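Residue-level structure breakdown
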Amino acid sequence: MAVVLACAGGGSPGGSQGSAFDPTHGDGTETDDPPATSTTTSDDGVSSVASAEGTGTAPPDASCCQVAPTPGCGNPQTESCVCAIQTSCCQSVWNQDCVDLAMTCNDPACPGGPTTGDPTGEPGDSSGDPPPPMLTCDQLAAQEGWMYWRCQSGGGSQCNGMGTPTTDCTFCCEFCGQAGDVSCGDYANGQGWGAANCEWNGNGACGGMGTPTCDCNFCCQVG
């Protein structure tokens, strides 16, 4: 039996076909030998030692391009850019979303990063701003394999101020993505309901009564 979900105001539940419950719209062999050195002696008898490896600049820190169980990364410029977009990267863990944003922020150590320009890793125009997003929220969700997602735009709170900027959303974020999560549709199917309403973000669809699910504040039977 197919279950029809409805939101007050005409919104429709999310899935692989669209944004979920968006009231605004309806991540060689190494050795321990020291580097070779050469010694030169000046006319006054003073010797100096120069490292054969000390003639170039140090490679950029690549920690921003790698997933880590701790927040932040080793390139302050990249870290600042990423965390301005997704604050959780500097609060909880540096996950794949943070790595993806590091590449968007042009970290020089990441694959596809800049090979010329400012050695601090700032974009070529030195403005420090990441390039504008190229995907819609729906496209990002499809790319990431999200089942449910939300779009925060303007002064909304759909994503609690965290997520990935897209062309149509200030933040686009996944939800209902954890093992064991039960959506309103899943719950309605289990109860044998023909249709269900989803009360979310204050839309009043269930009058403040019903069963909380991962995608709704309250899920309730229609009729």
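Being a predicted model, the structure only gives us computed values, none of them experimental.

Digging into the environment of glutamine 96
Structurally, glutamine 96 is set in helix α2 (residues 96-104). By relative accessible area, which is 39% here, glutamine 96 ends up partly exposed.

Description of the state of the cysteines
What the rule picks out here adds up to 12 disulfides. Covalently, cysteine 81 is tied to cysteine 105 through a disulfide, its sulfur atoms 2.0 Å apart. An S-S torsion of about -80° defines the bridge between cysteine 81 and cysteine 105 as left-handed. One end of the pair, cysteine 81, is in helix α1 (residues 76-85); the other, cysteine 105, is in the loop between α2 and α3 (137-144), with 24 residues separating them in the sequence. Of the two residues, cysteine 81 and cysteine 105, neither departs from the other in class, the shared state being buried.

Remarks on the side chain of threonine 213
The topology assignment puts threonine 213 in strand β7 (residues 211-213). By relative accessible area, which is 12% here, threonine 213 ends up buried. The contact partners of threonine 213, leaving out residues within four places of it in the chain, are Val182, Ser183, Cys184, Tyr187 and Cys219.

Side note on the packing of aromatic side chains
Counted under the stated rule, the structure contains 2 aromatic pairs. Aromatic side chains tyrosine 148 and phenylalanine 175 sit 6.1 Å apart centroid to centroid with 45° between the ring planes, which places their arrangement in the tilted category. Placement of tyrosine 148 in the loop between α3 and β4 (149-152) and of phenylalanine 175 in the loop between β5 (171-174) and α4 (184-191) is noted, with a sequence separation of 27 residues between them. Phenylalanine 175 matches tyrosine 148 in its accessibility class, with the two residues each being buried. For the ring pair tyrosine 187 and tryptophan 193, a centre distance of 5.5 Å and an interplane angle of 80° mean the geometry is edge-to-face.

Structural notes on the side chain of serine 183
Along the polypeptide, serine 183 turns up in the loop between β5 and α4. A polar atom in the side chain of serine 183 sits 3.1 Å from the side chain of aspartate 186. Apart from residues lying up to four places away in sequence, serine 183 is in contact with Tyr148, Thr213, Cys214 and Asp215.

Quick notes on the confidence of the model for the chain
Note: predicted coordinates in regions of low pLDDT should not be interpreted at a detailed level. The predicted model of the chain has a mean per-residue pLDDT of 72, with 65% of residues at 70 or higher. The element-level mean pLDDT for the chain is lowest in strand β3 (residues 47-51), coming to 37, with β7 highest at 94. Across residues 114-126 the pLDDT falls below 50, and counting only partners more than four positions away or on other chains, this stretch makes 13 contacts in the model.

Topic: α4
For α4, the set of buried residues is Cys184, Gly185 and Ala188. Seen end-on, α4 carries its buried residues on one side only, within an arc spanning 95°.

Topic: the environment of asparagine 75
Within the secondary structure layout, asparagine 75 lies in the loop between β3 and α1. A C-alpha to C-alpha distance of 7.5 Å links asparagine 75 and serine 63, two positions 12 residues apart in sequence. A polar contact of 3.1 Å, which involves the side chain of asparagine 75, links it to the backbone nitrogen of glutamine 77.

Considering the nonpolar core
By size, the foremost hydrophobic cluster in this structure holds 15 residues, and its most contacted members are Cys64, Val82, Cys89, Trp94, Cys98, Ala102 and Cys105. Of all the secondary-structure elements, those providing two or more residues to this core are α1 and α2. Those residues in contact with valine 82, other than ones at most four positions away along the chain, are Cys89, Trp94, Cys98, Leu101, Ala102 and Cys105.

Some thoughts on the pairing of strand β8 (residues 216-221)
With 4 bridges joining them, strand β6 (residues 195-199) and β8 adopt antiparallel strand pairing. Pairing of asparagine 197 across the sheet is with cysteine 220, part of β8. Strand direction decides the pairing type here: β7 and β8, joined by 2 bridges, are antiparallel. Paired with threonine 211 across the strands is cysteine 219, a residue of β8. Counting the residues that bridge the hairpin from β7 to β8 gives 2 residues.

Rules used in this analysis
Residues numbered from 1 in each chain as written. Predicted model: local features only at pLDDT ≥ 70, side-chain atom pairs only at ≥ 80, totals over all residues. Heavy atoms only, no water. Helix = DSSP H or I, 4+ residues; strand = E, 2+ residues; numbered from the N terminus. Buried < 20%, exposed > 50% of the residue type's maximum accessible area, 1.4 Å probe, protein only. Disulfide = S-S within 2.5 Å. Contact = heavy atoms within 4.5 Å. Phe/Tyr/Trp six-rings, centres within 6.5 Å; stacked < 30°, edge-to-face > 60°. Polar contact = N/O pair within 3.5 Å; in protein donor to acceptor, adjacent residues only side chain to side chain. pLDDT = per-residue confidence, 0-100. Arc of directions from axis to C-beta. Core = buried A, V, L, I, M, F, W, Y, C linked by side-chain atoms within 4.5 Å. Pairing = 2+ DSSP bridges.

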